[in-house]
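Here are the chains, one letter per residue:
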Amino acid sequence: MIRFARLLDSLIYSPSRNTKLRLLKDYFATTPDPARGYALAALTDGLEFRYVKSGLIRELVVGKVDPVLFELSYDFVGDLAETASLIWPAPAELPNNQSAPDVADVVETLQSASRGTAAKLLAGWFDRLDATGRWALIKLISGALRVGVSARLAKLALAEFGNIDVATIDELWHGLTPPYAALFAWLEQRGPRPVVDESVNFRPMMLAMPLEETELAGLNPSDFRAEWKWDGIRVQIIAKPGIRRLYSRTGDDIAAAFPNIVDALAFDAVLDGELLVRRADGEIGTFNDLQQRLNRKAVTVALSTDYPAFVRLYDILFHGREDLRSLPFSERRRRLEAWHGNVGAPVVTRFDLSPLIHFASWDGLRKRRIEDMPRSAEGLMLKRADSLYVAGRPKGPWFKWKREARTVDTVLMYAQRGHGKRSSFYSDFTFGCWRAGADGEAPQLVPVGKAYFGFTDEELARLDRWVRSHTVNSFGPVREVEPHLVVELAFDSVHRSTRHKSGLALRFPRVYRIRWDKPAAEADTLDALTRHIE
Amino acid sequence: MTHDATIDWIKPTPAGLYVAPGDFYIDPTRAVDRAVITHGHSDHARPGHRKILATRETLAIMEARYGADLLSERQALAYGELMTVNGVSVRLAPAGHILGSAQVVLEYGGRRVVVSGDYKRRPDATCASFEPQPCDVFVTEATFGLPVFRHPPDGEEIGKLLHSLKLFPERSHLVGVYPLGKCQRVIMLLRAAGYDAPIYLHGGVVSLYDLYRSHGVALGDLRLVANAAKADLAGAVVLAPPSALADRWSRRLVDPVTAMASGWMRVKQRAKQQGVELPLVISDHADWDELTATIAEVDAPNVWVTHGREEALVHLCKQQGRDARALAVVGFEEEGS
Ligand SMILES: [Zn+2]
Ligand SMILES: [Zn+2]
């Protein structure tokens, strides 16, 4: 645990990617199994402890320290893991047979622990660790390390450590489980390549690069095929006798939320498509409608019938045992159409084909993108006819030509201190638009959304200073500010919402521009925003 | 000892704590006629008062910072020496914060009030150690008045710096320090740990080292960064004010490891925000344990909390049955944390 704590500690203070890679490789090289395997699992979000929830940490701490002192401290520090680790009153001396726990001890013990014992175990470990050790332990068990290392970077470090291509790690990854002893043995050339049943594994998806319109001039339209970029959840379907999987882009199996789709997986193929829902009126639902489904663990009959889900297919990766990924896109498309033409009606009701859009010139396509884009699409996909299906986001074969973001001028109303590395900055903002006052009354600001990103570090620092010098009221961690600063928010769409006072909710709001210059009275009204409702 | 209902001869005012019968202020935030100054940090020792009472060291620091002519009438009071101002007896006791820092011990009408100024309890080779004074009213600072602040032993923190010097012998180690107090303390901690190589200083932290030397603090071989060759700075310890850490100035150093010596470094997120790679939790202020131990030790029935995160300490004192309140004294800016 001490070594792991030191690793996390060094990682958060290292700004450079190369230093992080070096620290990770060094850790893999110098830490024995199974500790390093569990550390790797933690870094790639592969650990889950059923009985440890963040509520448990809070409960443990509040049981040990005065709750008022805890709240004041938490408000100051801004991060639960750090507050708990710093405030924990460790005994001055421990019986000498007790030493700091090992990562592997912690993981294995907790995984087999019952609900009742988890708290007691944690308390014992907290006593035996210093503040940094406790902090690392809390991060480990809460499943979100947030030390500036993505799962991607951890796998990259692992690949560099073993001198292999990271795509090989990806191929194997979903067939392996912590603590990855066989994988480490292979990477250290002490053992054979781990054998996993790769046929049921998620294959890393092929993704598109955003298109800069200026790039079009250098591209030949006849080399490309176009289709809509549907606004749902990108999925990979793996079906074969006895196997029915529905993977999201991150490789999570989301089949449980879509039983009707799973019922239709009576075939033998690996497909790529977009998961969408249909509304009662036959129209394709919005991302919001879909989100409702995803957030449920168990699906009610009503949900399944109100919003029947289906998959709009883009591609075919395997047909039976035949790997089609090394065929060109145009050929895969032909195979996809042939496959779809031959499967029975029960499959076809849940799977349709994403139609290809015919075009002769970029101007023609641009016109279609503006005039014909369905509401449930978020842009166009351009795929080279000769593109093979490869993992990741290669530059060149696939482009996404997204719809321009919509924007609205709002007024900053409230600010709250962020968490994590922004804990001393006011970085979580609530914005409002004007609602016309009745009968000549002054217009009123009504909150329309929150945004946490879209600004640079310098802008954040300036916003933070602005908030501090324009506060009119504080409610706990929240500050109300003078309604003077106009911020242009970008968003993907607007929806009706009963949860907001304005009756509206923005999807994906983010700060687009801070209009230091613009008078607040010129910010947009709710009416202007209502016009964007789909 | 008694509750402060009857102690109305000392009170907070916009200009600072005012002792009415003596007609003087303690660490006033604006120019006044008569001031008692606890220590030389600029948020406590401001220029422009007509008469100043302080330790000899504090007066010397003020003179070095403001020049002799800004300080008109100065009177030095040694630790333990007694003086009476219009019937108020005034005594200074060591506060352990920085060179010359003092608690002001006031007695009037049979009641004793102690204004601690800034203080800490752990040993510091650059100043006399804090001496607890039992009293009726204890005015305490609360810079680190939250239970998350527990400064580790100084030796451990200096050990981290020495360890990093071994790991990266080719890199300059740039340590952010407040010029008065922290700078000299870090030097003395390094010397105590056996580090006797030259230590390089940014121009912003040199002004006081002659003064420290003349007060018997042996700082060893100190040199100016401005006069050093780049090669000398490889693997060297360089001390600079915090404001210089991210400054263009630091480009003359060799691939610097950025360290910072401050009690705030206890909170990782804070350290990280400041771009610090090597946080050193070294503070000249009492941590939570020191604050609470001191309050227990002086055992004052009335505790006035000022200067920092008052709320938690007030809460704790009340739980202990003390009459506690936060004194809103504006103008303190945590120099030397
Ligand atoms: Zn001070
Ligand atoms: Zn101070």
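Here the structure is shown first, and the text comes after it.
Residues numbered from 1 in each chain as written. Chains lettered and ligands numbered in written order. Predicted model: local features only at pLDDT ≥ 70, side-chain atom pairs only at ≥ 80, totals over all residues. Heavy atoms only, no water.

Burial of strand 7 (residues 82-85) of chain B is one-sided: the residues B:Met83 and B:Val85 facing one way are buried, the residues B:Leu82 and B:Thr84 facing the other way are not. What sits between the antiparallel neighbours strand 7 of chain B and strand 8 (residues 88-94) of chain B is a turn of 2 residues, in which B:Asn86 has the positive phi angle 45°. (Buried < 20%, exposed > 50% of the residue type's maximum accessible area, 1.4 Å probe, protein only. Helix = DSSP H or I, 4+ residues; strand = E, 2+ residues; numbered from the N terminus. Pairing = 2+ DSSP bridges.)

If you look at the biggest cluster of nonpolar residues, it comprises 124 residues, and the most contacted ones within it are A:Phe4, A:Leu137, A:Leu140 and A:Leu158. In contact with A:Phe4, not counting residues within four places along its chain, are A:Tyr27, A:Ala39, A:Ala42, A:Val103, A:Ala136, A:Leu140 and A:Leu145. If you look at the next biggest cluster of nonpolar residues, it comprises 35 residues, including B:Val175, B:Leu211, B:Ala259 and B:Leu278. (Core = buried A, V, L, I, M, F, W, Y, C linked by side-chain atoms within 4.5 Å. Contact = heavy atoms within 4.5 Å.)

Okay, the sheet that holds strand 11 (residues 137-142) of chain B next. All names here are of chain B. The 7 strands are arranged 7-8-9-10-11-18-19 in an open sheet whose pairing can be described as mixed. Across the chains shown, the open sheet's two edge strands, defined by having one partner strand only, are strand 7 and strand 19 (323-326). Shown here is a sheet whose adjacent strand axes are inclined to one another by a mean of 20°, direction ignored. Relative to strand 19, strand 18 (residues 302-308) runs parallel, the two sharing 4 bridges. (Axes fitted to C-alpha atoms, helices over the stretch in contact; angles between N-to-C directions.)

Residues and elements named next belong to chain A. One pass over the full model with this rule turns up 25 aromatic pairs over all chains. Aromatic pair Phe70 and Tyr74: ring centres 5.9 Å apart, planes at 25°, arrangement stacked. Remark: Tyr74 and Phe70 occur in helix 5 (residues 67-77); sequence separation between them is 4 residues, near one turn of the helix. For the pair Phe359 and Trp362, a centre-to-centre distance of 5.6 Å together with 25° between the ring planes defines the contact as stacked. Accessibility expressed as a relative area gives 9% for Trp362, which makes it buried. (Phe/Tyr/Trp six-rings, centres within 6.5 Å; stacked < 30°, edge-to-face > 60°.)

Attention now moves to the packing of helix 7 (residues 103-111) of chain A against helix 9 (residues 131-142) of chain A. All names here are of chain A. Look at helix 7 against helix 9: their axes get within 11 Å of each other, and the N-to-C directions meet at 40°. On the basis of their axis angle, the class for helix 7 and helix 9 is oblique. Two packed elements cross with a definite hand, and for helix 7 against helix 9 that hand is right-handed. Listed contacts from helix 9 to Val103, Val106, Val107 and Leu110 of helix 7 are Leu137, Leu140 and Ile141. For the contact of helix 7 with helix 9, the residue count by class is 7 nonpolar, no polar and no charged. (Parallel < 35°, antiparallel > 145°, perpendicular 65-115°, else oblique. Left-handed = near helix turned anticlockwise from the far one by under 90°. Nonpolar A, V, L, I, M, F, W, Y, C, P; charged D, E, K, R; others polar.)

Residues and elements named next belong to chain B. Bound to the zinc ion (ligand 1) are the protein donor atoms His39 (NE2), His41 (ND1), His97 (NE2) and Asp118 (OD), situated 2.2 Å from the metal. Every donor counted, the 4 donor atoms about the zinc ion (ligand 1) form angles of 88 to 166° at the centre, which fits irregular coordination. Along the chain, the residues donating to the zinc ion (ligand 1) are arranged with the sequence spacing H-x1-H-x55-H-x20-D. The metal-metal distance between the zinc ion (ligand 1) and the zinc ion (ligand 2) is 3.4 Å, with Asp118 coordinating both. (Donors = N, O, S within 2.8 Å, 3.2 Å for Na, K, Ca; no water. Tetrahedral: all angles 85-135°; square planar, octahedral: opposite > 155°, others 65-115°.)

All names here are of chain A. The terminal C-alpha atoms of helix 19 (residues 457-469), which comprises 13 residues, lie 18 Å apart, in line with the 18 Å expected from a rise of 1.5 Å per residue. The set of residues buried in helix 19 consists of Leu460, Leu463, Asp464, Trp466 and Val467. Buried residues of helix 19, viewed axially, fall in a sector of 165°; they line one side. When the buried face of helix 19 is taken as reference, the exposed residues oriented beyond 90 degrees from it are Glu458, Arg465 and Ser469. In this structure, the buried side of helix 19 is in contact with strand 12 (406-417), strand 13 (426-435), strand 15 (471-475), strand 16 (478-481) and strand 20 (510-515). (Expected span 1.5 Å × (residues − 1). Arc of directions from axis to C-beta.)

So, on to the coordination of the zinc ion (ligand 2). Coordination angles at a metal have ideal targets, namely 109.5 degrees for four tetrahedral donors and 90 or 180 degrees for six octahedral donors. All names here are of chain B. Within the first shell, the zinc ion (ligand 2) binds the protein through His44 (NE2), Asp118 (OD) and His307 (NE2), at distances of 2.1 to 2.5 Å. Relative accessible area serves as the criterion here: at 1%, Asp118 is assigned to the buried category. Residue classification places His307 among the buried residues on the basis of a relative accessible area of 6%.

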